[in-house]
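# A look at the structure
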Amino acid sequence: MRTGLEELSVLEVRNLGYCYPDGREALRDVSFALAANERAALIGPNGAGKSTLLLHLNGLLPDQPPATPTVIVDGLPLRADNLAEARRRVGLLFQDPDDQLLPDSLGGRRLGPMQLGVREPELSQRVADCLAQVGLAGFADRLPHHLSRGEKRRVCLAGLLACEARLLVLDEPTSDLDPRGRRLLMGLLAQLPVAQLIATHDLEFVVESCARTIVIDHGRIVADGPTRRLLNDEALMLAHGLERPHILRHAHPH
Ligand code: ADP
């Protein structure tokens with residue numbers, strides 16, 4: 001049955017649960033949807049289940065996709081037979097860019113779109129366009145190991161954009177960045193016309209960049225709503241190992 005939500009959502013997660021092979025329950029009955037172009041933060045203490053959830057969004061978990069789909073990307077229910085297409089639609093930005101970058105030059109960002117069948121001359125153009133979109137125009141011949149951490153992260157983002165991801169899933173994108181790199185990345189994410197789900201401990205970033213926040217703890221969603229309302233709720237924050245960010249302490253509560 002179509003609920004109408006599919007048309008509006010770029011991501012739908014329905015009653016997702018997951019236990020690791022050792023029996024540890026990491027997710028329980030997680031449900032939410034993201035609209036196209038929506039940017040939402042995913043926050044929670046260490047061990048809450050954030051990474052486990054992100055890994056489900058492009059089918060890296062579970063090992064065998066379930067018979068009844070629990071993750072629907074852009075109307076496509078994630079199943080074993082369409083994982084490649086689902087992975088194209090969901091761009092996962094790992095916490096450590098070195099896990100994602102190939103050691104060749106940045107022109108190597110070609111690989112993703114090449115696998116999608118994009119050929120020259122469109123290929124070089126697309127790589128150049130995506131590098132420009134992340135503020136790295138002219139970087140196509142640079143080697144990844146000569147880049148700063150912030151630049152590496154932006155290169156990874158360019159690679160995801162080159163594959164025309166409909167949803168970006170980012171794991172701690174501001175960690176280890178210096179203030180300038182962090183600002184640059186924040187500005188960039190704000191401009192990208194693509195839905196984003198951002199797992200982070202950087203609550204100041206959340207306040208500035210995400211209108212919506214989802215709080216997860218012990219594998220369950222414990223709150224989902226407007227960022228300022230949730231992050232201003234001291235009791236909620238403390239109950240889930242978080243704290244009310246400083247920039248809200250002197251600001252108007254809404
Ligand atoms: P977060 O990203 O919020 O820190 P995780 O998704 O990494 O949380 O972890 C959720 C829960 O699953 C934690 O209890 C963690 O110890 C457990 N966990 C994570 N990875 C594994 C694994 N490979 N095997 C068993 N348990 C795991």
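Residues numbered from 1 in each chain as written. Predicted model: local features only at pLDDT ≥ 70, side-chain atom pairs only at ≥ 80, totals over all residues. Heavy atoms only, no water.

Soluble globular proteins tend to pack their nonpolar side chains together in the buried interior. Within the largest apolar cluster, 41 residues are counted, with the highest numbers of intra-cluster contacts made by Ile43, Leu157, Leu168, Leu189, Val206 and Leu231. Contributions of two or more residues to this core are made by strand 3 (39–43), helix 5 (122–133), helix 6 (149–162), strand 7 (167–171), helix 7 (179–191), helix 8 (203–209), helix 9 (227–231) and helix 10 (234–239). A total of seven residues in this core trace back to one element, the largest contributor, which is helix 6. In terms of nonpolar packing, the next biggest core, distinct from the first, is built from 31 residues, Leu57, Leu78, Val90 and Ile216 among them. (Core = buried A, V, L, I, M, F, W, Y, C linked by side-chain atoms within 4.5 Å. Buried < 20%, exposed > 50% of the residue type's maximum accessible area, 1.4 Å probe, protein only. Helix = DSSP H or I, 4+ residues; strand = E, 2+ residues; numbered from the N terminus.)

It is worth spelling out helix 7 at this point. Taking 1.5 Å per residue, 13 residues should reach 18 Å; helix 7 reaches 19 Å between its end C-alpha atoms and fits that length. The complete set of buried residues in helix 7 reads Gly181, Arg182, Leu185, Met186, Leu188 and Leu189. Down the axis of helix 7, the smallest arc covering the buried residues is 165 degrees, so these residues share one side. Of the exposed residues in helix 7, the ones pointing more than 90 degrees away from its buried face are Pro179, Arg180 and Gln191. Summarising the contacts, the buried residues of helix 7 are in contact with strand 3, helix 5, helix 6, strand 7, strand 8 (195–199) and helix 8. (Expected span 1.5 Å × (residues − 1). Arc of directions from axis to C-beta. Contact = heavy atoms within 4.5 Å.)

Take the pattern of salt bridges next. Scanning the model with the defined rule gives 15 salt bridges in all. Close ionic contact of Arg149 with Asp176 constitutes a salt bridge, the shortest N to O distance being 2.9 Å. You can see Arg149 sitting in helix 6 and its partner Asp176 sitting in the loop between strand 7 and helix 7, a full 27 residues away along the chain. Arg149 sits in the partly exposed class, given a relative accessible area of 27%. Among the charged side chains, a network of salt bridges with common partners joins Asp74, Glu85, Arg88, Arg89 and Arg166. (Salt bridge = Lys/Arg side-chain N within 4 Å of Asp/Glu carboxyl O.)

Moving on, we come to the site of the ligand. Around the ligand, the neighbouring residues are Tyr20, Asp22, Arg24, Ala26, Pro45, Asn46, Gly47, Ala48, Gly49, Lys50, Ser51 and Thr52. In the environment of the ligand, an oxygen atom lies 2.8 Å from a nitrogen or oxygen atom belonging to the side chain of Lys50. In isolation the ligand has 560 Å² of accessible area, and contact with the protein removes 65% of it. For the shell around the ligand, a count of residues per class yields four nonpolar, five polar and three charged. (Near = heavy atom within 4 Å. Polar contact = N/O pair within 3.5 Å; in protein donor to acceptor, adjacent residues only side chain to side chain. Areas by Shrake-Rupley, 256 points an atom, 1.4 Å probe, with all protein chains shown as cover. Nonpolar A, V, L, I, M, F, W, Y, C, P; charged D, E, K, R; others polar.)

In terms of residue burial, strand 8 counts as a mostly covered element, since five of its five residues are buried. Neither face of strand 8 is open: one carries Ala195, Leu197 and Ala199, the other Gln196 and Ile198, and all of them are buried. Two elements, strand 3 and strand 8, share four bridges in a ladder whose sense is parallel. In the sheet register, Leu42 faces strand 8, and the bridge partner there is Ala199. Sheet analysis places strand 7 next to strand 8, joined by five bridges and oriented parallel. Looking at the pairing, Leu167 lines up with Ala195 of strand 8. Traced from strand 7 through helix 7 to strand 8, the parallel crossover comes out right-handed. (Pairing = 2+ DSSP bridges. Right-handed = clockwise from strand over helix to strand, strands pointing away.)

We now examine the sheet that holds strand 6 (residues 90–93). Strand order in the open sheet made by the six strands is 6-7-8-3-9-10, with mixed pairing throughout. Edge positions in the sheet fall to strand 6 and strand 10 (220–226), since each has one partner strand and no second. Across the sheet, the mean angle separating the axes of adjacent strands is 15 degrees when strand polarity is ignored. Examined bridge by bridge, strand 3 and strand 9 (residues 212–217) share four bridges and lie parallel to one another. The partner of Leu42 across the bridge, within strand 9, is Ile214. (Axes fitted to C-alpha atoms, helices over the stretch in contact; angles between N-to-C directions.)

Taking 1.5 Å of rise per residue, 14 residues should cover 20 Å, and helix 6 covers 20 Å from first to last C-alpha, within 8% of that figure. Counting buried residues along helix 6, 13 of its 14 residues qualify, which places the element largely inside the surrounding structure. Immediately downstream of helix 6, the backbone of Glu164 shows phi near 60 degrees, a positive value.

Moving on, we get to the sheet that holds strand 1 (residues 9–19). Overall, antiparallel pairing links the four strands, which are arranged 2-1-4-5 in an open sheet. In this open sheet, the two strands that pair with only one neighbour each are strand 2 (25–35) and strand 5 (76–77). The pairing of strand 4 (residues 71–73) with strand 5 spans two bridges and is antiparallel. Within strand 5, the residue paired with Val73 across the bridge is Leu76.

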